[in-house]
Protein chains: 4
Amino acid sequence: MSKNLLNILFIGDIVGEPGLSLLDTFLPSLIDKHEADFVIANGENSHKGKGINRSIIKRLYDLGVHVITGGNHSFAKWKVFDYMKEDGNVLRPMNYPKGNPGYGFGIYDIPDFDQKIGVLNLQGRTFMQPIDDPFTTADWVIERMKEETDIIFVDFHAEATAEKLAMAWHLDGDISVFVGTHTHVPTHDARLFPNGMGYISDVGMTGSFDSVLGMDKNTSMNRFKLGTPHRYRLANGNNHLCGLLTKVNLESAKCEHIEPIIYPSFNSSNLGD
Amino acid sequence: MSKNLLNILFIGDIVGEPGLSLLDTFLPSLIDKHEADFVIANGENSHKGKGINRSIIKRLYDLGVHVITGGNHSFAKWKVFDYMKEDGNVLRPMNYPKGNPGYGFGIYDIPDFDQKIGVLNLQGRTFMQPIDDPFTTADWVIERMKEETDIIFVDFHAEATAEKLAMAWHLDGDISVFVGTHTHVPTHDARLFPNGMGYISDVGMTGSFDSVLGMDKNTSMNRFKLGTPHRYRLANGNNHLCGLLTKVNLESAKCEHIEPIIYPSFNSSNLGD
Amino acid sequence: MSKNLLNILFIGDIVGEPGLSLLDTFLPSLIDKHEADFVIANGENSHKGKGINRSIIKRLYDLGVHVITGGNHSFAKWKVFDYMKEDGNVLRPMNYPKGNPGYGFGIYDIPDFDQKIGVLNLQGRTFMQPIDDPFTTADWVIERMKEETDIIFVDFHAEATAEKLAMAWHLDGDISVFVGTHTHVPTHDARLFPNGMGYISDVGMTGSFDSVLGMDKNTSMNRFKLGTPHRYRLANGNNHLCGLLTKVNLESAKCEHIEPIIYPSFNSSNLGD
Amino acid sequence: MSKNLLNILFIGDIVGEPGLSLLDTFLPSLIDKHEADFVIANGENSHKGKGINRSIIKRLYDLGVHVITGGNHSFAKWKVFDYMKEDGNVLRPMNYPKGNPGYGFGIYDIPDFDQKIGVLNLQGRTFMQPIDDPFTTADWVIERMKEETDIIFVDFHAEATAEKLAMAWHLDGDISVFVGTHTHVPTHDARLFPNGMGYISDVGMTGSFDSVLGMDKNTSMNRFKLGTPHRYRLANGNNHLCGLLTKVNLESAKCEHIEPIIYPSFNSSNLGD
Ligand SMILES: [Fe+2]
Ligand SMILES: [Fe+2]
Ligand SMILES: [Fe+2]
Ligand SMILES: [Fe+2]
Ligand SMILES: [Fe+2]
Ligand SMILES: [Fe+2]
Ligand SMILES: [Fe+2]
Ligand SMILES: [Fe+2]
């Protein structure tokens, strides 16, 4: 079969064991159902809500994930630092300053295809740490990536919707797909940008929704109400997977289709129609 | 007809003339189509992207809006301050400190119904100005509102998803509907909370999406790339309305149905199926 | 002897053992030299740079401290929470929300005097947690304190110089002395305000100055340069005490004299004059 | 006369006409009194509290200022942008991203000396805009400057004391003098660092102290108390000049003496001794 669309499945921030268990149960069949050719997952919260470790990385690979992106929690667990220097499929935001371990982008073979895909992980600065400029970082990295492939997928880990949209307008025309991560809430604005880039402000999280961002809701309420530190604990219950399916034209490198996946879907009606 | 569901239509942050024109064209027919009994709209950006004025307020009333909520831009235009003291249907966040003009909540007759609805506008503090605590404010105001009605609709204008969810868990069981506003991006998490509250993290905006949050995208990109001030201008083009329809049981005051409305829908596929 | 001036000695944020050791060595003789009648010390960083514990509290009392104030690190060590409920001489900022342990102000007997002194601890919100409004908190607490004494000493623990000065103008005329804490850098603006309040923006810290704010300087540089978390360690070396001597008129409750104490003084010249 | 010390006078943030008038009256005699060989002034607030213009620049040159540094308000008045491209003696922070007008450092002849001095203006990021990294910027700029002179003076315009101290430790050994600006409050920690750098956390401001940071105190109090925007106005009254005198050894390029200048001095005692 001559197929000219590449199906990329992205999994939003995996939060601890509830998120990982969901993936154990559903990811293989989702890959199957959507005929996903390449799977990327954000793993910055996969280890108890903060950071990642080697056994989780292996577990995700075994489930069919090809590349794992990160964010502001990528550097939470120092034990994984050495590993991050070796494994080019585990990314952390590229615009952390030189001197930090790990890779911020990679060019990967697409299984069963004769083409490559580039994945770039960036992080915003508004309401976050003042690291290097993600805009100029994107400029030079994408130029380098384009020497090897035009199919480029960007995970921009950022808090502010304005920064996500400004970056999206900056990148439209140069990349195939832009996904936002970090807020842990899926957005309802998946769309095609004028120059062929697939866009979503945030893919959302994969974990417990009987929670605040995957963590115990009572702790979070106490932090807001009392203003004092209270130790976070992982939540469990009402677990959902938030992902995104995109279809990229292999000749034009443009995105032809973008579709959020929330599984199982949220309960939004008692009216039965 | 004995009807026991109240249909409430909420319109997300209206950004300038593009948003207002959309409402001119579509709001009456949307009200009709969804048989909306009560219409609430967030107007904090309706006047050129920042603030509101008397003629816009009148225009919204004429289109069928019953209550106008606000946010951090409610105090942008001082000319409207005197008006805000008179008109209890134009709200601004309740938890701005005493001494500021305007109302933060109201109890309103529902046309053609024998019941009342309470609307409360609150504002978050994470990544925003440090105003009064929205949690304790909610507590005493809602207690007072409940003396008059159990049907309570809250617009929580906030940046951080964690603060929105913490507030939602705090209010579930006490109110009928919780909507988030301010990020100008609609979220895909509309759902019913365990104790019967309808919830969405953000309704999104009503205005130009060929933009960054409704404002000129080049200005926004310059601000992010250069770090220096550049004057905002309103954007236009690719205009969409982001709203939310909720159905509240008049006996239990619980939300039975919650459904985002994005009109026209975003272009998310070229594949024609 | 009929003495009508009250000498109050304040010690700026004590940072860990280097700060405590300095006090062991010098505080009794400083009290003696300046004939201090009442001694207040900020202890929020006294336990390894973060928080305080019972044995440090006892140690400070034994050295002649009457009241210990706090700040954003007051709630760092939960083991001291129960103690804070019992001992009214250990304060934490008053404007932390209800539900937190501890006292935010107290009225104390002045040894050898027939009068009382009130001490109030407040915390700012600019660039800090959004706790309760320190301005309205100050208003009602000071009114209550004035039922018992007009001699009121305020430690305003805050980051932004603008917030400190705004609060100072708000309080001048109502209190005797205003000291700022938290930045760990002594300011050179000790002065008398027009209505008789002694003012300094920040008293500075008591600890190692071969450091960044009392903590290991290499860790701090790494945090700024790399943008990633690195574990703080206490610094040691080039230890200085930063304090403030104020003299308050017992009849008028006005401050007559304000004088920073930095001991030993910093090395600012090799020129020998 | 063979003189081997270079006397550098620095003037802290000049806030509007009250600051400028003070300089008209006192700067020439201060230069004379302290035998200042080179004069640098921070002018970011000289035009009505925000920005600078051509006539103020000329006025400062006429008063004996050789170099004018800036900060976050350097880009407040676009009319001066063209001028900033021409005049290498008006600096703005070097680490604003490429694409912004103006110079961030310069190498200048010292009048009556056979040596040059380099002046570098940097800006912090903590609690400020996320511009380029001041640490790496300092590294490459100072290396380039050292090709021409070892006498280097840095104005680090920053909010957080931790960032100022981290930068100071980073630069000690490479430069002659480090001054902090921006908080508008003079600090009491002028000292010599171990490797010969003169240091002060903040020089303070030159303007009205019957104010909040040089601006009307009632406006500022309203902003803090009400949380809403109120238009800033310049203050006047109780005007003080905050400056710093440093003496740099021309052979070693090390700072031998550092001394704050506050003129007139603050009123800190009614006791007459
Ligand atoms: Fe995350
Ligand atoms: Fe994150
Ligand atoms: Fe808005
Ligand atoms: Fe807003
Ligand atoms: Fe402290
Ligand atoms: Fe502190
Ligand atoms: Fe300034
Ligand atoms: Fe500044």
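All values reported here derive from a predicted model rather than from experimental measurement. (Residues numbered from 1 in each chain as written. Chains lettered and ligands numbered in written order. Predicted model: local features only at pLDDT ≥ 70, side-chain atom pairs only at ≥ 80, totals over all residues. Heavy atoms only, no water.)

## A look at the relation of the copies chain A and chain B
Applied cut-off: Copy-to-copy superposition: least squares on the C-alpha atoms, limited to residues that have pLDDT of at least 70 in both copies. The criterion used for residue contact is that any of the two residues' heavy atoms lie within 4.5 Å.
In screw terms, the move from chain A to chain B is a rotation of 180° and a rise of 0.0 Å along the axis, fitting with an RMSD of 0.0 Å. Taken together, the rotation and translation describe the operation of a two-fold axis. For chain A, the residue whose C-alpha comes nearest the rotation axis is T187 of chain A, separated from it by 1.9 Å. In this assembly the copies share their binding face: 100% of the residues contributing to the interface of chain A also contribute to that of chain B.

## Brief notes about the interface of chain D and chain B
The condition that has to hold: Values labelled buried area give the accessible surface lost by two parts on being combined, using a 1.4 Å probe and summing over both. One side-chain nitrogen of Lys or Arg within 4 Å of one carboxyl oxygen of Asp or Glu is enough to make a salt bridge. Under the rule applied, a polar contact is a pair of N or O atoms within 3.5 Å (in protein, one hydrogen donor and one hydrogen acceptor; residues adjacent in sequence only if both atoms are side-chain atoms). For this scheme, ten residues count as nonpolar: Ala, Val, Leu, Ile, Met, Phe, Trp, Tyr, Cys and Pro. Four count as charged, namely Asp, Glu, Lys and Arg, and the remainder, Gly too, count as polar.
Chain D puts 13 residues into the contact, and the matching count from chain B is 13 residues. Regarding the contact of chain D and chain B, the summed buried area is about 880 Å², with carbon and sulfur atoms giving 58% of it. Of all residues in chain D, L226, G227 and T228 of chain D give up the largest surface area on contact with chain B, accounting jointly for 43% of the area buried on that side. One can count zero salt bridges joining chain D with chain B. At the boundary of chain D and chain B, one finds four residue pairs in polar contact (both at pLDDT 80 or more). Of the residues that constitute the side of chain D that touches chain B, the class distribution is six nonpolar, five polar and two charged.

## Let's talk about the coordination of the iron ion (ligand 5)
Residue and element names in this part refer to chain C. The criterion, for reference: Listed donor atoms are N, O and S within 2.8 Å of the metal (Na, K and Ca: 3.2 Å). As water is not included, a site may look incomplete. Angular criteria define each label, namely tetrahedral for four donors with all angles between 85 and 135 degrees, square planar for four and octahedral for six donors with opposite donors over 155 degrees apart and remaining angles between 65 and 115, and irregular for whatever fails these tests. Put simply, DSSP marks the helices as runs of H or I at least four residues long and the strands as runs of E at least two long, and each gets a number from the N terminus on. Relative accessibility decides the category of a residue: with a 1.4 Å probe and only protein chains considered, values under 20% of the type maximum give buried, values over 50% give exposed, and everything between is partly exposed.
For the iron ion (ligand 5), the full set of protein donor atoms is D13 (OD), E44 (OE), N45 (OD1) and H184 (NE2), and the range of their distances to it is 2.1 to 2.2 Å. Taken together, the four donor atoms coordinating the iron ion (ligand 5) and their angles of 88 to 166° define a geometry best described as irregular. Between the iron ion (ligand 5) and the iron ion (ligand 6), a spacing of 3.3 Å is present, and a bridge between the two is formed by E44. Residue D13 is found in the loop between β1 (5-11) and α1 (16-33), and its partner N45 is found in the loop between β2 (38-42) and α2 (54-62); the two are separated by 32 residues along the sequence. Taken individually, D13 and N45 each receive the classification buried, so the pair is uniform in this respect.

## Brief notes about the interface of chain A and chain B
Contacts between chain A and chain B engage 48 residues on the former and 48 residues on the latter. For the pairing of chain A and chain B, the buried interface totals around 4,300 Å² over both sides, and the portion due to carbon and sulfur atoms is 66%. A per-residue breakdown of the area chain A buries against chain B is headed by W169, H188 and F224 of chain A, which together make up 17% of the total. Inspection of the chain A/chain B interface yields zero salt bridges. Counting across the chain A and chain B interface gives 16 residue pairs in polar contact (both at pLDDT 80 or more). Going through the elements one at a time, α5 (161-171), β8 (191-192), α6 (217-226) and β12 (255-263) of chain A are the ones with two or more residues in the side of chain A that touches chain B. No other element matches the seven residues that α5 of chain A contributes to the side of chain A that touches chain B. Partitioned by chemical class, the residues of the side of chain A that touches chain B number 23 nonpolar, 14 polar and eleven charged.

## Here we look at the UniProt feature "active site" (unreviewed entry) in chain A
All names here are of chain A. As a reminder of what qualifies: UniProt positions are given in the numbering used here, feature names are shortened, and annotations may be inferred rather than shown by experiment.
If you check UniProt for "active site" (unreviewed entry), the listed places come out as H73 in our numbering. Mapped onto the secondary structure, H73 falls in the loop between β3 (67-69) and α3 (81-86). By relative accessible area, H73 is classed as partly exposed at 22%. Beyond its immediate chain neighbours, meaning those up to four positions away, H73 contacts E44, N45, G49, K50 and G51.

## Some remarks on the pairing of strand β4 (residues 105-109) of chain C
Note on strand geometry: in a regular strand, side chains alternate between the two faces of the sheet. Residue and element names in this part refer to chain C. Let me state the cut-off plainly: Between any two strands, pairing holds if DSSP finds at least two bridges.
Both β4 and strand β5 (residues 116-123) contribute to a ladder of five bridges, which runs antiparallel. Bridged to F105 within β5 is L120. Linking β4 to β5, which pair antiparallel, is a turn of six residues; within it D112 sits at a positive phi near 70°.

## Here we look at the relation of the copies chain D and chain B
Note on the copies: chain D fits chain B at an RMSD of 0.0 Å, the axial shift is 0.0 Å, and the rotation between them is 180°. A shared interface surface links the copies, since 100% of the contact residues of chain D are contact residues in chain B too.

## What about the coordination of the iron ion (ligand 7)?
Residue and element names in this part refer to chain D. Donor atoms from the polypeptide that coordinate the iron ion (ligand 7) comprise D13 (OD), E44 (OE), N45 (OD1) and H184 (NE2), at 2.1 to 2.2 Å from the metal. Taken together, the four donor atoms coordinating the iron ion (ligand 7) and their angles of 90 to 166° define a geometry best described as irregular. For the iron ion (ligand 7), the single-chain donor residues occur in sequence as D-x30-E-N-x138-H. Here the iron ion (ligand 7) and the iron ion (ligand 8) are spaced 3.4 Å apart, and both take E44 as a donor. With D13 in the loop between β1 (5-11) and α1 (16-33) and E44 in the loop between β2 (38-42) and α2 (54-62), the pair connects residues that are 31 residues apart, well separated along the chain. Relative accessible area serves as the criterion here: at 2%, E44 is assigned to the buried category.

## Notes on a negative patch on the surface
Heads up, the rule is: For patch detection, residues must exceed 30% relative accessible area and be free of salt bridges, and they are connected within 9 Å for like charges or within 5 Å for nonpolar side chains (Val, Leu, Ile, Met, Phe, Trp, Tyr). Methods summary: accessible areas were calculated by the Shrake-Rupley approach with a probe of 1.4 Å, and residue burial reflects only the protein chains presented. When charges are counted, Lys and Arg contribute as positive and Asp and Glu as negative, whereas His and the chain ends are disregarded. Taken as the charge location is NZ of Lys, CZ of Arg, CG of Asp or CD of Glu.
Taken together, D139, E143, E147, E148 and D174 of chain A make up a surface patch of like negative charges. Here E147 of chain A falls in the exposed class, since its relative accessible area comes to 66%.

## Brief notes about the sheet that holds strand β8 (residues 191-192) of chain B
All names here are of chain B. What counts here: For every element, the axis is a line fit to its C-alpha atoms; helices are fit only across the contacting stretch, and the angle between N-to-C directions ranges from 0 to 180 degrees.
Taken together, six strands build an open sheet; the order of strands is β4-β5-β6-β7-β9-β8 and the sheet is mixed. Two strands lie at the open edges of the sheet, namely β4 (105-109) and β8, each paired on one side alone. By the bridge criterion, two bridges tie β8 to strand β9 (residues 198-200) in an arrangement that is antiparallel. The residue of β9 that forms the bridge with R191 is Y199. Against the sheet, helix α4 (residues 134-145) contacts β4, β5 (116-123) and β6 (152-157), and its axis sits at roughly 170° relative to β5. Helix α5 (residues 161-171) rests against β5, β6, β7 (177-181), β8 and β9 of the sheet, and its axis sits at about 165° to β7.

## Let's talk about the environment of P101 of chain B
Residues and elements named next belong to chain B. By the element assignment, P101 lies in the loop between α3 (81-86) and β4. Each C-alpha atom of the pair P101 and W78 lies 9.9 Å from the other, and the pair is 23 residues apart in sequence. If we skip the residues at most four places from it in the chain, P101 touches F75, F81, M84, K85 and R92.

## Considering the UniProt feature "binding site: Fe cation 2" (unreviewed entry) in chain A
All names here are of chain A. The sites that UniProt annotates as "binding site: Fe cation 2" (unreviewed entry) are E44, N72, H157 and H182. In three dimensions, the annotated residues from a span of 139 residues occupy one location, with a maximal C-alpha spread of 10.2 Å. Not counting residues within four places of it along the chain, the set of residues in contact with E44 comprises D13, K50, G51, T69, G70, G71, N72, H73, S74, H157, H182 and H184. Summarising the element assignment, H182 is placed in the loop between β7 (177-181) and β8. Those residues in contact with H182 that sit more than four places away from it in its chain are D13, E44, N72, M128, H157, A158, E159 and D202. Within the structure, H182 has its side chain in polar contact with the side chain of N72 (distance 3.3 Å).

## Some thoughts on the pattern of salt bridges
If you walk through the whole model with that rule in mind, you get 44 salt bridges over all chains. Its salt-bridge partner being D109 of chain B, residue K116 of chain B comes within 2.7 Å of it at the nearest N-O pair. Look at K116 of chain B and you get partly exposed, because its relative accessible area is 33%. When the shortest N-O distance is used, the salt bridge between E17 of chain D and R59 of chain D registers 2.8 Å. Here R59 of chain D lies in helix α2 and E17 of chain D lies in helix α1, a separation of 42 residues in the sequence. Salt bridges here are not isolated pairs; linked through shared partners, they connect E17, D24 and R59 of chain A.

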